[in-house]
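Residues per chain, in single letters:
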Amino acid sequence: MTRSGQSHILAIGGGSFRPSPRYSFLEASGLLRYGLDLTGQDRPRLGLMATALGDDSDWILKMYGAFAGWDVELSHLTVFPMPNVPDPRAWILEQDMIYVSGGSVANLMALWRLHGLDEALGEAWRAGVVLSGQSAGALCWHVGGNTDSFGPELRVWADGLGLLPYSCGVHYDSDPQRRPLLQQSVASGELPGGYAADEGVGLHYVGTEFIQAVSVEPGGYAYRLEHDGADGVKELRIEPRMLTP
């Protein structure tokens, strides 16, 4: 398998999937097409992980259905009640792209570390496997952000993989708790400066460098947050590149 040699992460604030005209089905959005294009493969291997949802079988089936008609080779990794593949590390390294669902990022990280998936995902990233995901599946690659893993009132969370040395904000324009808490966390030093994404917006990194934001939602933006050197935070709005929905 030939890879580009670059390490890509696509962290999505929301909007990976859209409702389908087919009853109770979903369709993958242009954000996931963008991620698959980063693999450079004509028929990429896409590995699905729903650890953050407790490996919910209904959601895994919906993700499979969302790629109906796409030229991808789909498989998935679960850890409940035990890993569904003989060697999870080997499975991860065989993929061209990994997609991680939303859900509980705190539970996700605990289970990944228990099963050694944290190290395997870092190894895959360095080997050129595209890492992607939405919400919890976006936060996990960063130092941290804020999460509802512990209840409806958001908490600061700084226990991510840290492949990207930044904080991350997701659902930035749809959840009124997200923006002020992330700003406070960066201002106080609880979290490093970082990036945030509205619904329908993805943050694309090559290595640890933020390259651009991409969007399937008109009016959606990304943001750069930095400590202002005093007691506050500077937030810079980033215009994304529009994709076909």
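Values in this document were obtained by computation on a predicted structure and should not be read as measured data.

Colleague: Can you lay out the overall build of the protein for me, pointing to particular residues and giving the numbers?
Modeller: From N to C terminus, the protein includes seven helices and 16 strands. Its C-alpha atoms give the protein a radius of gyration of 17 Å, near enough to 18 Å, the size a compact globule of 245 residues would have. The principal-axis extents of the C-alpha atoms in the protein amount to approximately 50 × 40 × 40 Å. Contacts in the protein between residues at least 24 apart in sequence constitute 67% of all its contacts with a sequence separation of at least 6.

Colleague: Explain the nonpolar core to me, using residue names and the numbers behind them.
Modeller: Met 49, Trp 112, Leu 131, Trp 141, Leu 203 and Tyr 205 are the most contacted members of the largest nonpolar core, which totals 44 residues. With six residues, the single largest contributor to this core is helix 4 (residues 105-115). Look past the residues within four positions of Trp 112 in its chain and what remains in contact with it is Met 49, Thr 51, Val 100, Leu 117, Asp 118, Leu 121, Cys 140, Trp 141 and Leu 161. Formed by 24 residues, the second largest nonpolar core is a distinct cluster that contains Leu 26, Leu 38, Tyr 99 and Val 130.

Colleague: Please give an account of the environment of Ala 52 that cites residues and values.
Modeller: Tracing the backbone shows Ala 52 in the loop between strand 4 (45-49) and helix 2 (57-66). Sequence spacing of Ala 52 and Ser 149 is 97 residues, and the spatial spacing of their C-alpha atoms is 9.5 Å.

Colleague: Please provide a residue-by-residue account of the sheet that holds strand 16 (residues 241-242), values included.
Modeller: Judged by pairing direction, the sheet is mixed, and its eight strands sit side by side in the order 5-4-6-7-1-12-13-16 without closing on themselves. The sheet terminates laterally at strand 5 (73-77) and strand 16, the two strands that pair on one side only. The pairing of strand 13 (residues 209-215) with strand 16 spans two bridges and is classified as parallel. Each residue of the ladder has a partner; that of Ser 215, found in strand 16, is Met 242. The strands touched by helix 1 (residues 30-37) within the sheet are strand 1 (8-12), strand 4, strand 6 (97-100), strand 7 (130-134), strand 12 (201-206), strand 13 and strand 16, with strand 1 carrying the most contacts at an inclination of about 175°. Packed onto the sheet, helix 2 meets strand 4, strand 5 and strand 6 and runs at close to 165° relative to strand 5.

Colleague: Can you break down the environment of Val 143 residue by residue, with the values?
Modeller: Turning to its location among the elements, Val 143 is positioned in the loop between helix 6 (136-139) and strand 8 (145-147). Note on Val 143: relative accessible area 24%, which makes it partly exposed. With 59 residues separating them along the chain, Val 143 and Gly 202 place their C-alpha atoms 17 Å apart. When sequence neighbours within four positions are dropped, the list of residues in contact with Val 143 reads Trp 157, Ala 158, Asp 159, Gly 160, Gly 162, Leu 164, Pro 165, Tyr 166 and Pro 192.

Calculation criteria
Residues numbered from 1 in each chain as written. Predicted model: local features only at pLDDT ≥ 70, side-chain atom pairs only at ≥ 80, totals over all residues. Heavy atoms only, no water. Helix = DSSP H or I, 4+ residues; strand = E, 2+ residues; numbered from the N terminus. Rg over C-alpha atoms; globule rule 2.2 N^0.38 Å. Contact = heavy atoms within 4.5 Å. Core = buried A, V, L, I, M, F, W, Y, C linked by side-chain atoms within 4.5 Å. Buried < 20%, exposed > 50% of the residue type's maximum accessible area, 1.4 Å probe, protein only. Pairing = 2+ DSSP bridges. Axes fitted to C-alpha atoms, helices over the stretch in contact; angles between N-to-C directions.

Limitation: the analysis is restricted to geometry and does not speak to function.
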